[in-house]
Amino acid sequence: MKILITGANGQLGRELAKQYKDKKGIDLILTGSSDLDITNLKVVYSFINERKPDVIINCAALTAVDKCETEIDMAYKINTIGAKNLASAANEIGAEIVQVSTDYVFGGNIDKQLTEFDEVNPQTVYGKTKLAGELLVKSHNPKHYIIRTAWLYGDGNNFVKTMLALSKTNKTLKVVNDQKGTPTSTVDLARVIIKLVEDKNYGVFHCTCKGQCTWYEFTKEIFRLKGITTEVLPCSTDEFPRAAKRPEYSVLRNYTLELTTGDITRSWQDAINEYLL
Ligand SMILES: NC(=O)c1ccc[n+]([C@@H]2O[C@H](COP(=O)([O-])OP(=O)(O)OC[C@H]3O[C@@H](n4cnc5c(N)ncnc54)[C@H](OP(=O)(O)O)[C@@H]3O)[C@@H](O)[C@H]2O)c1
């Protein structure tokens, strides 16, 4: 099976490539933005027509949520049009498309774990562009897997690395304690994506690790596991104003996984423990 991973230099792209490399019968095509700019329809069509992948896993995105608030055109170009281009080119050759999406498609203000059957209501440009991407992927290719995740960390820039770096230069750190979500390892997400593709289990899926915490609680656990003595102080979102509004409660339930393949993700504590070993 030939698999094209776009955004292969990103956190999830790298982990997928790593896990697929251990599998037999997989022919991988890995592309970054300089090999395949997903916003360029002509380039996308000719690349996909020439290489003929069976599955395209789109890990390319503009993930800087604050930047999306000001770079609106760029955000729609990459997160929406780029996704549509890949879905449509895949459809032309009968290939499948995996589109990775986000908890930001929801409003983030309901104190309830959200399933794939709950109403979407994006509050940020990032969330709107990702939701529009989901909808276009669905309408351009019936063989789609749409997988929403959150608070992702892996091989690349992420919250965990930022906190570890800050701990080196700060004796105390204030961290937001009024936003809840679920830290998710790319290891768990990649495992789920590979399983869904193996099973040809098309549809919309939530995929985060299990459990929930605030950024403050997450930081406390990271420092505990690493034996870091920097003091962590809880603070409110108001103390760190950001361009994009952050969700207060954004916990996804992997409900479609539970109902179909089974939920193979670990607790967020087990996943971060392994990541920091
Ligand atoms: N990070 C999170 O916390 C989070 C949370 C929820 C959902 N997600 C979703 O999960 C997916 C993977 O996220 P991630 O954290 O792995 O992302 P990431 O590390 O930010 O990587 C994104 C990659 O997208 C590529 N890219 C950007 N513009 C492109 C273009 N025009 N053409 C081709 N490639 C382009 C970049 O490639 P180059 O490096 O080659 O330029 C970059 O490596 C994304 O769909 C994201 O929306 C992420």
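Here, the structure is the one placed above.
Let me sum up the structure you'll find in this document. (Residues numbered from 1 in each chain as written. Predicted model: local features only at pLDDT ≥ 70, side-chain atom pairs only at ≥ 80, totals over all residues. Heavy atoms only, no water.)

On to the site of the ligand. Taken together, the neighbourhood of the ligand is formed by 24 residues, with Leu12, Ser33, Thr63, Tyr126 and Lys130 sitting nearest. Within the backbone of Leu12, an N or O atom sits 2.9 Å from an oxygen atom of the ligand. Between an oxygen atom of the ligand and a side-chain N or O atom of Thr63, the distance comes to 2.8 Å. Within the complex, the protein chains bury 80% of what would otherwise be the 900 Å² of accessible surface of the ligand. Going through the elements one at a time, α1 (11-21), β4 (96-102) and α5 (125-140) are the ones with two or more residues in the shell around the ligand. For the shell around the ligand, the leading source of residues is β4, giving 3 residues. Grouping the constituent residues of the shell around the ligand by class yields 12 nonpolar, 10 polar and 2 charged. (Near = heavy atom within 4 Å. Polar contact = N/O pair within 3.5 Å; in protein donor to acceptor, adjacent residues only side chain to side chain. Areas by Shrake-Rupley, 256 points an atom, 1.4 Å probe, with all protein chains shown as cover. Helix = DSSP H or I, 4+ residues; strand = E, 2+ residues; numbered from the N terminus. Nonpolar A, V, L, I, M, F, W, Y, C, P; charged D, E, K, R; others polar.)

A word on the packing of aromatic side chains. By convention here, two paired aromatic rings are described through the distance between centres and the angle between planes. Within this structure, the stated rule accounts for 9 aromatic pairs. On the basis of an interplanar angle of 15° and a centroid distance of 5.7 Å, the ring pair of Phe159 and Phe218 is categorised as stacked. Placement of Phe159 in helix α6 (residues 159-169) and of Phe218 in helix α8 (residues 215-226) is noted, with a sequence separation of 59 residues between them. On the numbers, 5.7 Å between centres and 85° between planes, the contact of Phe218 with Trp268 is edge-to-face. Within this pair, whereas Phe218 is found in helix α8, its partner Trp268 is found in helix α10 (residues 268-276), the two being separated by 50 residues in sequence. (Phe/Tyr/Trp six-rings, centres within 6.5 Å; stacked < 30°, edge-to-face > 60°.)

What follows concerns the sheet that holds strand β5 (residues 144-149). Read from one edge to the other, the open sheet built from 6 strands follows the order β2-β1-β3-β4-β5-β10, with strand pairing classed as parallel. The open sheet is flanked by β2 (27-31) and β10 (203-206), the only strands paired with a single partner. On average, adjacent strands in this sheet sit at an angle of 15° to one another, irrespective of strand direction. Across 4 bridges, strand β3 (residues 55-58) lies against β4 in parallel orientation. Looking at β4, one finds that Ile57 is bridged to Val98. Helix α7 (residues 186-199) contacts β3, β4, β5 and β10 of the sheet and is inclined by roughly 160° relative to β5. (Pairing = 2+ DSSP bridges. Axes fitted to C-alpha atoms, helices over the stretch in contact; angles between N-to-C directions. Contact = heavy atoms within 4.5 Å.)

The next subject is the environment of Ile56. As for its position among the elements, Ile56 is in strand β3. The spatial distance from the C-alpha of Ile56 to the C-alpha of Glu119 is 27 Å, given a sequence separation of 63 residues. Those residues in contact with Ile56, other than ones at most four positions away along the chain, are Leu4, Thr6, Ile48, Leu86, Ala90, Glu96, Ile97 and Val98.

With that out of the way, let us pick up α1. Counted residue by residue, α1 has 8 buried out of 11 residues, so it is predominantly covered. Three or more residues of α1 are buried, namely Gln11, Leu12, Gly13, Glu15, Leu16, Ala17, Gln19 and Tyr20. Packing partners of the buried residues in α1 comprise β1 (2-6), β2, β3, β4, β6 (152-153) and α7. (Buried < 20%, exposed > 50% of the residue type's maximum accessible area, 1.4 Å probe, protein only.)

So, on to the layout of surface pockets. Put simply, the second largest pocket is a space of about 150 Å³. Around the second largest pocket, the lining residues are Gln11, Arg14, Glu15, Lys18, Gly154, Asp155, Ser185, Thr186, Val187, Ala271, Glu274 and Tyr275. Counting only elements with at least two residues in the lining of the second largest pocket, the list comes to α1, α7 and α10. Tallying contributions element by element places α1 first for the lining of the second largest pocket, with 4 residues. (1 Å grid on protein atoms, 1.4 Å probe; cavity = no way out; pocket = protein on both sides within 12 Å on 5 of 7 lines; lining within 4 Å. Points joined across faces, edges and corners; volume = space filled by probe spheres on them.)

By secondary structure assignment, the location of Thr124 is in the loop between β4 and α5. Within the structure, Thr124 has its side chain in polar contact with the backbone nitrogen of Gly127 (distance 2.9 Å). Once you skip the residues sitting within four places of it in the chain, Thr124 turns out to touch Glu69, Tyr104, Ala244 and Lys245.

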